[in-house]
Amino acid sequence: MKKRPKKIGNVLEVVSNAIETQKIRYSVHALERMAEREVIDSEVLYILKNGFHEKKKDDFDLNLGWKYSIRGQTFDERDLRIIIAVFGDVIVVTVIDKEA
């Protein structure tokens, strides 16, 4: 059985660099969830820049590898969890509205 890869220790720094270099991508699933939850791109980026790494919600997926949870509030104080994966670029996997 294959060993799990190590988690990225400085995931917020990786995300910050990806934002600066425009290496943020969205999965189809994330775009669908954003539309149905009325979350816009700037809100996702704001949380990725200003949120905190919710380590206890990180999860390992056989297809995606480690998925990391970044949580924070939007400008209008909506509590969101952004799930990301890192494949060179940072992939937004899904957006969860914690108040819904």
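Because the structure is predicted, anything quoted here is derived from the model rather than measured.

The rules behind these values
Residues numbered from 1 in each chain as written. Predicted model: local features only at pLDDT ≥ 70, side-chain atom pairs only at ≥ 80, totals over all residues. Heavy atoms only, no water. Buried < 20%, exposed > 50% of the residue type's maximum accessible area, 1.4 Å probe, protein only. Helix = DSSP H or I, 4+ residues; strand = E, 2+ residues; numbered from the N terminus. Arc of directions from axis to C-beta. Contact = heavy atoms within 4.5 Å. Pairing = 2+ DSSP bridges. Salt bridge = Lys/Arg side-chain N within 4 Å of Asp/Glu carboxyl O. Polar contact = N/O pair within 3.5 Å; in protein donor to acceptor, adjacent residues only side chain to side chain.

Asks: Give me helix α3 (residues 41–50): which residues, what numbers.
Replies: Residues Glu43, Val44, Ile47 and Leu48 constitute the buried set of α3. Relative to the axis of α3, the buried residues are bounded by an arc of 135° and lie together on one face. Facing away from the buried side of α3, by more than 90 degrees, are the exposed residues Lys49 and Asn50. Of the surrounding secondary structure, the elements contacted by the buried residues of α3 are α1 (11–20), β1 (24–26), α2 (28–37), β4 (65–73), β5 (79–87) and β6 (89–97).

Asks: Go over the pairing of β6 with me, naming the residues and quoting the values.
Replies: Within a regular strand, the side chains alternate between the two sheet faces. Most of β6 sits inside the fold, with 7 of its 9 residues counted as buried. Taken together, the 3 bridges between β1 and β6 define a ladder with parallel strand orientation. Note on β6: the bridge partner recorded for Tyr26 is Val92. Two strands pair when backbone bridges link them, and β5 and β6 are joined in this way by 8 bridges, in the antiparallel orientation. Along β6, the bridge assignment pairs Ile84 with Val92. Here β5 folds back onto β6 in antiparallel fashion, the turn holding 1 residue, of which Gly88 has a positive phi close to 80°.

Asks: Let's hear about the pattern of salt bridges: which residues, and what values?
Replies: A complete count under the given rule lists 9 salt bridges for this structure. Ionic pairing is found between Arg71 and Glu54, a salt bridge with its closest N-O pair at 3.0 Å. Taken together, the positions of Arg71 in strand β4 and Glu54 in the loop between β2 (52–53) and β3 (59–61) put the pair 17 residues apart, joining distant regions of the chain. For Arg71, a relative accessible area of 17% gives the class buried. The partner of Arg71 in a salt bridge is Asp79, and the shortest N-O contact between them spans 2.6 Å. Pair check on accessibility: Arg71 and Asp79 agree, each one buried. Members of the salt-bridge network, linked through shared partners, are Glu54, Arg71, Asp79 and Arg81.

Asks: Give a detailed account of the environment of His29, specifying residues and quantitative values.
Replies: Here His29 is to be found in helix α2. When neighbours within four sequence positions are excluded, His29 is seen to be in contact with Val93 and Thr94. A distance of 3.1 Å separates the side chain of His29 from the side chain of Thr94, its partner in a polar contact.

Asks: Tell me what's going on with the environment of Gly65, and back it up with residues and numbers.
Replies: Relative to the helices and strands, Gly65 is located in strand β4. Judged by its relative accessible area of 15%, Gly65 is buried. For Gly65 and Val86, which are 21 residues apart along the polypeptide, the C-alpha to C-alpha distance reads 8.3 Å. Beyond its immediate chain neighbours, meaning those up to four positions away, Gly65 contacts Asp59 and Phe60.

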